[in-house]
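Tertiary structure, described
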Amino acid sequence: MSFLDDVRLISEELDQYYRESASGDPRVVHQLPMHEIVKKLDLKAHLEEGALGGSALAEFIRRYLSLTVRLHHPGSLAHQVAAPHPAAALATLVEGFTNNPMAIYEMGPAAASIEVFVVDWLLSKVGWTGGSGAGGVLTHGGSLANLTALVAARSHFDSATWTKGCPGDLALIASADCHYSVARAAGIMGIGEKNVYSWTGTPSGDALSEEIGKAIGHARGDGKRPFALVANACSTATGVYDPLRAIAGICREHGLWLHVDGAHGASALLSLKHRWRLDGVELADSLTWDAHKLMRTSGLCTALLVRDAKTLDTAFHQDASYLFHSKQQPGFDSLHRTVECTKAALGLRLFVVLAALGERGLAGYVDRQFDLTLQAYELFRNVPGLECPVEPQCNILCFRAPGDDAVQLRVRDKLLADGDFHLSTAVVGDRRYLRIVVTSPETKLSDLRRLAFRALELAETDKA
Ligand SMILES: Cc1ncc(COP(=O)(O)O)c(C=O)c1O
């Protein structure tokens, strides 16, 4: 059997998997115990035989696929992970096989060139166009991009921290609804989780500057020096956007670096209809933007964009004689801008989707998912017994079935056991809600209506 035969066999399996998933017929999610999966896949036997290929490989992949979570399924509503466009999957095959670690130009010139091209395209969507001095880099995920942004912010604030270590009086300001990776970055950087001072909710106008001012005042009152503020575009739990223009003004007033965590919601910048949600983003210092959430790109593929490329160029001060030295080359090394050394050809994953769908196609996808989520909200809030804590601003919707928090968790468990829907939960305020992220292009309003009534039915029977 040749490579080509194996690829043909595997692509047939994937094609079948894709069509079955999109039809909604199979279960969307499996929750088998690990040891059963290991057994079902015959892992031990395959290891001993050591010659997996041809029809045996196809059979193995078929079984593997039958045990996956089907992101293209109309009932796939749990998490912020793209249902990848087939082009993205093909790109991961190509980059996996060529394996060019492109953070050093000479090790992956094609991949590095595509990354620069894709980053420039993303910068233009922010309004940071050519010649403005803006720049960026692709990273393996939004958590890493947030960490990188905060390292850049700290180096900008006090470049000595890199060599001398983190002083004990640094602090961050962040929305209480920010992603946990912000607190984790504070831990990693030696700032300390407890030195992240928060404001709660999404106040506007005077109340916003008052709330953020209180958080800053609290930090200073504790003898801390806040150096950066993290705003959400949008929040993970409810998908709500912070008012960026107003926050940028507050940051300027207090001399704070503004990092916008747009891991989930920055893709609204592609949409003429929804980009106003990020009004003022061009005033930020840095922006995290995940393509593997709302741009139909296989994981991981995140852009960290900065208004001034110099801030990223000087974020990490590292020396490695075998990599960092003067050399003649017709391209650009991005190694000094990232935590990673070996880095996959992330730009290729996004580029092929962009080229397959076109900017208009991707924007249309974002519009479709956002609009569908709003229609679902209108439907859900008019179903007696269901309630929604906030009107959705993107493709995330929280809702609650009759009963207490424990009921919501049991309803989710039962829905997962049914196998038609995969959804998550989130705490909003002090109550737990069921939560959906409408990401699959196959999900229709009729699927969401079915979910609403099934959740209601399960909550009612739970009471009885
Ligand atoms: C707002 C926000 N920031 C950061 C992240 C982390 O991104 P990643 O999963 O790509 O590390 C998430 C993930 O859900 C998110 O919603």
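Above this text is the structure in question.
Okay, so let's go over this structure. Residue indices begin from 1 for each chain and proceed along its sequence in written order. pLDDT decides what is reported in this predicted model: residues at 70 or higher carry local features, side-chain atom pairs at 80 or more are listed and counted, and totals for whole chains, interfaces and linings draw on all residues regardless.

Attention now moves to unusual backbone geometry. Between Ala233 and Cys234 the backbone carries a cis peptide bond, its omega angle lying at 15°. For the purposes of this entry, the term helix denotes a DSSP run of H or I that reaches at least four residues, the term strand denotes a run of E that reaches at least two, and both are numbered from the N terminus. Within the secondary structure, Cys234 sits in the loop between strand S4 (225–232) and helix H11 (244–254). Despite not being glycine, Asp42 shows a phi value in the positive range, around 55°. With respect to the element layout, Asp42 can be found in the loop between helix H2 (34–40) and helix H3 (43–49).

Moving on, we come to the sheet that holds strand S7 (residues 302–306). The strand order across the open sheet built from seven strands is S1-S7-S6-S5-S4-S2-S3, with neighbouring strands paired in mixed fashion. Strands at the two margins of the open sheet, each flanked by one partner only, are strand S1 (135–139) and strand S3 (196–199). With direction set aside, neighbouring strand axes in the sheet form an average angle of 20°. What makes two strands pair is DSSP finding at least two bridges between them. Alignment of strand S2 (residues 170–175) against S4, held across five bridges, turns out to be parallel. Looking across to S4, one finds that Leu172 is bridged to Ala228. Comment: axis = line fitted to C-alpha atoms, over the contacting stretch for helices; angle = value between 0 and 180 degrees taken between N-to-C directions.

This part covers the packing of helix H1 (residues 3–23) against helix H4 (residues 54–66). Running from N to C, H1 and H4 cross one another at 25°; their axes reach a closest spacing of 9 Å. Viewed along their axes, H1 and H4 adopt a mutual orientation that is roughly parallel. Where H1 crosses over H4, the handedness of that crossing is right-handed. Along its contact with H1, which presents Asp5, Asp6, Leu9, Ile10, Glu13 and Tyr17, the element H4 presents Gly54, Leu57, Ala58, Ile61, Arg62 and Leu65. Three classes are used, and their members are as follows: Ala, Val, Leu, Ile, Met, Phe, Trp, Tyr, Cys and Pro are nonpolar, Asp, Glu, Lys and Arg are charged, and the others, Gly among them, are polar. Here the residues of the contact of H1 with H4 are counted per class, giving seven nonpolar, one polar and four charged. Between 65 and 115 degrees an angle is taken as roughly perpendicular, under 35 as roughly parallel, over 145 as roughly antiparallel, and anywhere else as oblique. Left-handed is the label given to a crossing in which the near helix is rotated counterclockwise from the far helix by less than a right angle, and right-handed is the label when the rotation is clockwise. What counts as a contact is two residues whose backbone-derived C-beta atoms lie within 7 Å of each other.

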